[in-house]
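Spelled out from the first residue to the last, the chains are:
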Amino acid sequence: VRAPAPGQRSAAPALSLRDTAAAAHWFAAAAAKGDPMGHANLGLVRLRAGDGAGALPPLRRAAKRSDPSGWAGLGYAYYYGLGVRQDYALAAKALSAAARLGHLDAIFNLGVLALRGEGMEQSLHKAERFWRVAADFSHPMAQYYIGRMKARGLGTRRDCETALFFLQHAAAAWPAGNGLLETGLAAHEADRPQRALVHYLLGAHAGLEPALHNAGFLYAEAMPRRQPQLAASYRGAASEYFRRAAVLGSVDASIRLALVLSEDLTAEHSASSWRLANELYAEAARHGSADATWHLGYNYLKGRGLPKDWGRAWALMRDGGMHSRFAELRGPEKLLFSLLRAVYEARVFIVFAALGSFVLATGGKRAPGFGAGAAATAVWHEDDDAAADDFDEFDD
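Engineer: Requested: an account of helix α17 (residues 310-319), with residues and values cited.
Structural biologist: Residues A313, L316 and M317 constitute the buried set of α17. One side of α17 holds all its buried residues, which, seen down the axis, span an arc of 95°. Against α16 (290-302) and α18 (331-345) lie the buried residues of α17. Among the residues of α17, the N-terminal cap falls to D309, whose side-chain oxygen and the backbone nitrogen of G311 are separated by 3.2 Å.

Structure (structure tokens):
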């Protein structure tokens, strides 16, 4: 059961600085003037500090004044046995009173109690009803659970479209989503791919596009190295997560999905895999991906699912910058494309170097065929410096 922060009636970001002693002082001052929220927040501060006996009096005063946070605080006290004997039935009763007054966290936590069968009859259907009410009022954790249940058909009819709706809204509002991504990234950088995968999968279930992409990447790259005997099943999982990320608009996921498909070269799947891979490259290229443009050109060069066309291949690979971040070339082919890329990127320098060499070789004279007469001689006049004044406004 999740206890809200003092004064929290719905999901809200945590304060960057916390001083519970100062908070308790001001809440006590408000309570002394008879403010119900002052009583409720004072009780919640004490409850969070583990002072159940000190929390109960202000919480009860707040509840008598029909403050929803007061009732919710009493529910948490009975649930955890803080200052009172632990009693799930009384916890459910107090949370129900808070829920009737519109406390979203209380409504969500009633769903948790229904799921666990604590203080009420265990019922997945009843849990779904509580969470659906909280989700409709934008409670992010309730939206997450409803999304999961709709996706899997647990306690409700399976509905992937509704599942995607709630999971995307939960991902946008739930601060834990960024925490999952950060923890996953830290684990990946520490060379702990399995731990990273767990966090990315949690984020993927919440509909986070980066988590979907990163889970696919680990299934495609890291996990087969750890367990080669499961490489085929990992490739299937990678395809699924890349597909879901691509549906959410990830161009990189589209390219990686095409690469995974390109690895399926069995006779019965080869033609269809190349065709689908090229469609994915073309779609990503239309969205401005230089990497996808290069891969499409490379497949024209190799005749993979496309007719061999050297001219088309060169044009596409040139437009793609003569390289791709996702390309895995080996041996002489890698050396050749590295050389082509170096020449392509240095093309301007090469042209100017050739012109400079030509000027030096001719000694500043006109080459034959460019006209007759005396050789042109450059004459510098000191007065020409004045012409530079016209460009002073362009100086840094």
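Now that the structure is up, let's keep going.
Engineer: Hey, could you go over the pattern of salt bridges for me, with residue numbers and the actual values?
Structural biologist: Pairing between side chains of opposite charge can happen when their charged atoms approach one another. Scanning the entire structure with this criterion turns up 10 salt bridges. Linking D291 and R325 is a salt bridge whose minimum nitrogen-to-oxygen distance equals 2.8 Å. In this pair, D291 is assigned in helix α16 and R325 in the loop between α17 and α18, connecting sequence segments 34 residues apart. Of the residues examined, D291 reaches a relative accessible area of 9% and is grouped as buried. Overlapping salt bridges bring together D252, D291 and R325 as one network.

Engineer: Help me get a handle on the nonpolar core, residues and values and all.
Structural biologist: Core analysis: the biggest nonpolar cluster contains 38 residues, and L197, Y219, Y241 and Y281 have the highest contact counts within it. Listing elements by their share of this core, those giving two or more residues are α10 (176-189), α11 (193-205), α12 (209-226), α13 (231-247), α14 (251-262), α15 (270-286), α16 and α17. Sorting elements by how many residues they give to this core places α12 first, with 7 residues.

Here is what the cut-offs are and how they apply
Residues numbered from 1 in each chain as written. Predicted model: local features only at pLDDT ≥ 70, side-chain atom pairs only at ≥ 80, totals over all residues. Heavy atoms only, no water. Buried < 20%, exposed > 50% of the residue type's maximum accessible area, 1.4 Å probe, protein only. Helix = DSSP H or I, 4+ residues; strand = E, 2+ residues; numbered from the N terminus. Arc of directions from axis to C-beta. Contact = heavy atoms within 4.5 Å. Polar contact = N/O pair within 3.5 Å; in protein donor to acceptor, adjacent residues only side chain to side chain. Salt bridge = Lys/Arg side-chain N within 4 Å of Asp/Glu carboxyl O. Core = buried A, V, L, I, M, F, W, Y, C linked by side-chain atoms within 4.5 Å.

On their own, these measurements won't tell you what the molecule is for.
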